[in-house]
Amino acid sequence: MKINYLLCIIGLFLLTEKPYAQKLSEQIRLNQLGFYPTAPKVAVVVNAQASLFRIKTSDLQKTVFTGKLSTSRKSEFSDKKTQIADFTALKTQGSFVLEIPDLGISYPFRIAPKVHQEVAKAALKAFYYQRASTEIPAKYAGKWARTLGHPDDKVFVHTSAVSVDRPEGTVISSPRGWYDAGDYNKYIVNSGITMGTLFSMYEDFPAYFQKQTLNIPESTNTVPDVLDEALWNLRWMLTMQDKDGGVYHKLTNANFDGMIMPDKATQPRYVVQKSTAATLDFAAVMAQAARIYRQFPTAFPSLADSCLNASVRAWDWAKQHPNLAYEQNKMNEQFAPKVVTGDYGDNNFTDEFIWAAAELYLSTKDERYAAAIPNAKQMILPSWNQVALLGYYSLLRFENQCTGTIKEQLPALKQQLITFSDELASGIEKRSFQTLMGKSASDFNWGSTSNAANQGIAMIQVYRLTKNKKYLNFALSNLDYLFGRNGTGYSFVTGFGSKTPMHPHHRLAVADGIVDPLPGFLSGGTNWGRQDKCEGYPSTVADECYLDADCSYASNEIAINWNAPLAYLTAAIEAIQ
Ligand code: 9MR
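Predicted model, so just to flag it, every value in this text is computed and none were measured. (Residues numbered from 1 in each chain as written. Predicted model: local features only at pLDDT ≥ 70, side-chain atom pairs only at ≥ 80, totals over all residues. Heavy atoms only, no water.)

### Things to note about the environment of A287
Defined as follows: The helix count covers DSSP runs of H or I at least four residues long, the strand count covers runs of E at least two residues long, and both are numbered beginning at the N terminus. Note on exposure labels: buried denotes an accessible area under 20% of the residue type's maximum, exposed denotes more than 50%, and partly exposed covers the range between, all computed with a 1.4 Å probe on protein chains only. Pairs of residues are marked as contacts when any of their non-hydrogen atoms sit within 4.5 Å.
By the secondary structure assignment, A287 is in helix α7 (residues 276-293). The class for A287 is buried, based on a relative accessible area of 0%. In this structure, the C-alpha to C-alpha distance between A287 and S306, residues 19 residues apart in sequence, is 9.9 Å. Discounting residues that sit within four places of it in the chain, A287 has contacts with L308, S311, E359, L360 and S363.

Here is the structure:
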């Protein structure tokens with residue numbers, strides 16, 4: 001498809017009388033996948049002084065729409081100037097390009113129903129590719145097939161994690177789970193928000209997932225594939241609970257592996273110190289899992305009870321250890337071997353308590369959990385260390401099941417969520433890319449694409465509560481951001497779009513020797529921090545700091561907590577359309 005398109009452009013370049021008019025222009029930024037017929041359609045032109053644009057069929061034979069570009073506006077972060085091309089009025093289905101006379105044409109895009117259906121599937125299939133402790137056969141993975149690595153059936157209890165029941169030298173079995181990201185370690189905190197997001201997606205749109213198939217080994221059973229996939233990680237998480245109820249912070253090597261395939265990565269694996277954050281995130285996930293898998297008693301006769309039991313025990317442990325942070329440097333001063341992999345350290349557990357209490361309340365209706373949910377003070381966009389909103393989303397989702405003090409809190413909570421979303425969107429029409437993303441430079445931190453997706457989810461939540469379409473359109477603006485309407489011109493999902501990450505910091509993708517990266521992965525994206533100090537960043541501007549090189553773990557890694565909101569946003573938009 002990409003090659004055909006290039007050939008077509010080269011052909012036209014050679015044949016046409018005015019070759020300049022048909023050359024590809026990377027200054028035109030738009031969703032490279034496309035637009036729904038009746039939804040908004042916006043492209044952004046960077047640093048051009050043009051007045052007209054045309055939408056042409058992708059064979060360039062026919063002009064189907066002519067429009068005027070907006071006056072130019074200055075970027076919030078640099079001297080960059082942008083103009084808006086709005087072609088919402090065009091509802092014709094087909095494959096098109098946007099042309100600006102004397103500048104060139106955009107990458108091709110479609111106007112069609114279901115334009116994000118395939119990427120919504122791929123965003124979930126990506127989790128299958130991240131499975132640890134299993135072979136990935138060609139039947140499900142095509143050219144990305146691989147042999148088993150990280151069996152994780154002999155995992156050492158790290159000296160930081162020994163307990164009465166598990167003294168020094170204890171070996172446990174902790175297989176399955178998903179590799180966290182570009183690295184091969186498995187972290188409970190990050191699994192927490194990832195699972196919570198996927199479960200919420202399922203609870204918000206169950207009918208959509210009844211129909212979706214991902215071609216994974218469990219696709220032939222009666223359970224929705226998304227739940228089969230999540231189970232791979234859930235079963236691993238269950239093994240991470242110590243007998244006293246506390247949960248190990250992570251299962252990890254002492255040092256990151258090199259860029260090698262899983263079967264070649266044979267360093268010893270450890271479970272390390274238990275932490276309050278990991279234990280509460282675990283409690284939340286297990287409580288939510290209990291009510292979801294309980295709906296499939298034939299397939300999973302006792303899973304729900306095991307999850308709920310694990311959740312309650314984790315909660316009780318956290319109440320007894322309400323302030324146990326995972327501080328890797330301190331841990332390394334005391335315990336050996338030193339562990340230098342990702343830390344996901346957090347020292348404020350208010351939000352984890354809220355999330356766990358909310359999920360436990362909904363799954364048990366036990367008032368003791370309701371009592372642990374204070375009136376919401378402020379709303380903070382979800383990220384691995386900010387999870388309160390996951391709990392609030394759940395409470396509002398099951399508004400009808402709430403009673404007592406929780407029920408009384410809901411009207412205010414709902415209003416706060418609406419205000420939060422309105423604030424994210426305020427001024428959007430004036431922003432250089434007209435997306436939710438970009439209100440402030442702080443949007444472009446490590447994993448910024450997940451901010452875009454999580455902002456989109458907040459809009460979907462409010463859309464569900466209010467049925468006001470403007471929130472759906474705000475969510476779409478960030479979907480467009482992810483697929484190309486942004487300061488870099490990249491569609492940030494591997495394999496989806498014309499200009500996509502080809503060199504993600506992803507061990508599986510780097511080491512497999514295959515040119516195409518594994519598909520459906522969301523790159524972390526623009527990050528002004530550039531902590532990797534890689535050479536070759538094309539820009540230091542907040543919304544342009546992105547480097548498609550595998551060296552760039554700060555701007556071009558992939559991670560499960562970024563793919564989950566991508567999966568949510570794309571599926572939600574598809575389900576609602
Ligand atoms: O996503 C995490 C980001 O918020 C932090 O700033 C960063 C540095 O601590 O770590 C990121 O998480 C990484 C984790 O520690 C290890 N696996 C890869 C994750 C994504 O880069």
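### Quick look at the pattern of salt bridges
A pair can form between side chains of opposite charge whenever their charged atoms are brought close. As a reminder of what qualifies: By convention in these notes, a salt bridge is any Lys or Arg side-chain nitrogen within 4 Å of a carboxyl oxygen on Asp or Glu.
Scanning the entire structure with this criterion turns up 25 salt bridges. A salt bridge links D152 to R269, with the shortest nitrogen-to-oxygen separation between them at 2.9 Å. In this pair, D152 is assigned in the loop between α3 (138-141) and β11 (155-157) and R269 in the loop between β14 (250-252) and β15 (270-271), connecting sequence segments 117 residues apart. The pair formed by D152 and R269 is uniform in burial state, with each residue classed as buried. In this structure, K274 and D244 form a salt bridge, with 2.8 Å as the shortest nitrogen-oxygen distance. Placement of K274 in the loop between β15 and α7 and of D244 in the loop between α6 (225-239) and β14 is noted, with a sequence separation of 30 residues between them.

### Structural notes on the nonpolar core
General note: in soluble globular proteins, nonpolar side chains tend to be found buried as a group. The line we're drawing: As used here, the term nonpolar core means buried Ala, Val, Leu, Ile, Met, Phe, Trp, Tyr and Cys residues forming a set that is joined through side-chain atoms within 4.5 Å. Note that the domain bounds were set by an automatic or database domain assignment.
Among the nonpolar cores identified, the biggest contains 158 residues, and F199, L234, Y293 and L395 are the most heavily contacted of them. Top contributing element to this core by residue count: α7, with 13 residues. Split by domain, the residues of this core number at least three in each of domain 1 (5-111) and domain 2 (117-374). Filtering out sequence-adjacent residues up to four positions away, L395 remains in contact with A358, Y361, L362, I373, C402, I406, L410 and L413. Listed in part, the 20 residues of the second largest apolar core include V45, A48, A50 and L98.

### A short note on the site of the ligand
Rule in force here: Here a residue counts as near a molecule or strand whenever at least one of its heavy atoms sits within 4 Å of it. Under the rule applied, a polar contact is a pair of N or O atoms within 3.5 Å (in protein, one hydrogen donor and one hydrogen acceptor; residues adjacent in sequence only if both atoms are side-chain atoms). Basically, the charged four are Asp, Glu, Lys and Arg, the nonpolar ten are Ala, Val, Leu, Ile, Met, Phe, Trp, Tyr, Cys and Pro, and anything else, Gly included, counts as polar.
If you check the shell around the ligand, you find D180, A181, D183, Y187, G342, Y344, W384, W446, E557 and W562 and nothing else. The contact in question runs from a nitrogen atom of the ligand to an N or O atom on the side chain of D183, over 2.9 Å. Contact between the ligand and E557: an oxygen atom at 3.0 Å from a side-chain N or O atom of the residue. A per-class count over the shell around the ligand returns 6 nonpolar, 1 polar and 3 charged.

### So, the domain arrangement of the protein
The assigned domain composition of the protein is domain 1 (5-111) and domain 2 (117-374). One C-alpha centre belongs to domain 1, the other to domain 2; they are set 44 Å apart.

### Section: helix α15 (residues 469-482)
Put simply, the rule is: Each helix should span, by expectation, one fewer than its residue count multiplied by 1.5 Å.
Over its 14 residues, α15 extends 20 Å from the first C-alpha to the last, a length consistent with the 20 Å expected when each residue adds 1.5 Å. Burial analysis of α15 places 11 of its 14 residues in the buried class, the great majority of the element. Three or more residues of α15 are buried, namely Y471, L472, F474, A475, L476, S477, N478, L479, D480, Y481 and L482. On its buried side, α15 packs onto β2 (34-35), α13 (404-425), α14 (448-466) and α17 (560-576). Where α15 begins, the capping side chain belongs to N468, and its oxygen is found 3.0 Å from the backbone nitrogen of K470. G484, located one to two residues past α15, shows a positive phi value of around 140°.

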